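Overview (structure and organization)
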Amino acid sequence: MRIPRPEHRGPSTERGYTFIELLVVSAIIIILAAAAMPLAKVTATRQREAELRRALRDMRTAIDKFKDSADLGQISPLEIKAGSEGYPEDLETLVKGVPAANDVTGRKIKFLRRVPIDPMTKSTEWGLRSYQDNPDATSWGGQNVFDVHTTSSGTGLDGTKYKDW
């Protein structure tokens, strides 16, 4: 008796990936993701640093405009405290505004829309320096706001400390 042979049906109609193929593709994806992570971290840090530079520039420009307005007599003399050298007493003064000189309508001159958020510390608390402080002082004397800096102790991508910016 003869045993019948199974019929040859041609190429398989079932399609899919083998386990080895899936493993190779997964390994490639993991390698690419691992290579991209440091680049993403550097990009995020660079963006926060750009935001910090912009916030510091905006606040310093507002402080300078306040000082210029005080020196030109555009701000009511009652708002300029003795010993302040014409600088604002705090950052909120730049936001709230000060009465204009010789203005009976109560109009206020404002220098900032809001105190920016420090992108490094995620708060609106900034390190302040007054005109009377020593250049290397680590705390604010409280007389006025001559300069601002971040309170972050981090170091920038260029190797400088953020608080020195």
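Residues numbered from 1 in each chain as written. Predicted model: local features only at pLDDT ≥ 70, side-chain atom pairs only at ≥ 80, totals over all residues. Heavy atoms only, no water.

1. Side note on the nonpolar core
One recurring pattern in soluble globular proteins: nonpolar side chains tend to sit buried together. In terms of nonpolar packing, the biggest core is built from 26 residues, with Leu 91, Leu 94, Phe 111, Trp 126 and Val 148 touching the most fellow members. Every element with two or more residues in this core is listed here: helix H1 (19-71) and helix H2 (91-96). When residues of this core are assigned to their parent elements, the largest contribution, eight residues, is made by H1. Apart from residues no more than four positions distant in its own chain, Val 148 is found in contact with Leu 56, Met 59, Arg 60, Ile 63, Leu 91, Gly 127, Leu 128 and Arg 129. (Core = buried A, V, L, I, M, F, W, Y, C linked by side-chain atoms within 4.5 Å. Buried < 20%, exposed > 50% of the residue type's maximum accessible area, 1.4 Å probe, protein only. Helix = DSSP H or I, 4+ residues; strand = E, 2+ residues; numbered from the N terminus. Contact = heavy atoms within 4.5 Å.)

2. As for the packing of aromatic side chains
The final tally for this structure, using the stated rule, is five aromatic pairs. Each ring, one from Tyr 87 and one from Tyr 131, has its centre 5.7 Å from the other, and the planes form 25°; the classification is stacked. One end of the pair, Tyr 87, is in the loop between H1 and H2; the other, Tyr 131, is in the loop between strand S3 (127-129) and strand S4 (147-149), and 44 residues separate them in sequence. Overall, Tyr 131 belongs to the partly exposed group, its relative accessible area being 44%. Between Tyr 162 and Trp 165, the aromatic rings sit 5.1 Å apart at their centres with planes inclined by 85°, giving edge-to-face as the arrangement. For the pair shown, Tyr 162 and Trp 165 are each scored as buried. Feature note: the residues Tyr 87, Tyr 131 and Phe 146 constitute an aromatic cluster, connected by ring pairs. Over the face of the ring belonging to Trp 165 we find Arg 53, whose NZ or CZ atom lies 3.9 Å from the ring centre. The aromatic ring of Tyr 87 is capped on one face by Lys 67, whose charged end is 5.1 Å from the ring centroid. (Phe/Tyr/Trp six-rings, centres within 6.5 Å; stacked < 30°, edge-to-face > 60°. Lys NZ or Arg CZ within 6 Å of the ring centre and 35° of its normal.)

3. Examining H1
Over its 53 residues, H1 extends 77 Å from the first C-alpha to the last, a length consistent with the 78 Å expected when each residue adds 1.5 Å. Ala 36 marks the point of greatest bend in H1, at about 25°, and the proline Pro 38 comes within the next four residues. Restricting attention to buried positions, one finds in H1 the residues Thr 45, Glu 49, Leu 52, Ala 55, Leu 56, Met 59, Ala 62, Ile 63, Phe 66, Lys 67, Ser 69 and Ala 70. In this structure, the buried side of H1 is in contact with H2, strand S1 (98-99) and S4. Gly 73, located one to two residues past H1, shows a positive phi value of around 75°. (Expected span 1.5 Å × (residues − 1). Bend = angle between axes of the 7 residues up to and from the residue.)

4. Observations concerning the pattern of salt bridges
Opposite charge on two side chains permits them to pair, given that their charged atoms come into close proximity. Evaluated as defined, the whole model comprises six salt bridges. Put simply, Arg 129 and Asp 147 hold a salt bridge, and the shortest N to O gap is 3.1 Å. You can see Arg 129 sitting in strand S3 and its partner Asp 147 sitting in strand S4, a full 18 residues away along the chain. On the basis of relative accessibility, which here comes to 21%, the residue Arg 129 falls in the partly exposed class. For Asp 147, a relative accessible area of 16% translates into the label buried. Salt bridges linked by common partners bring Arg 60, Arg 129 and Asp 147 together as one network. (Salt bridge = Lys/Arg side-chain N within 4 Å of Asp/Glu carboxyl O.)

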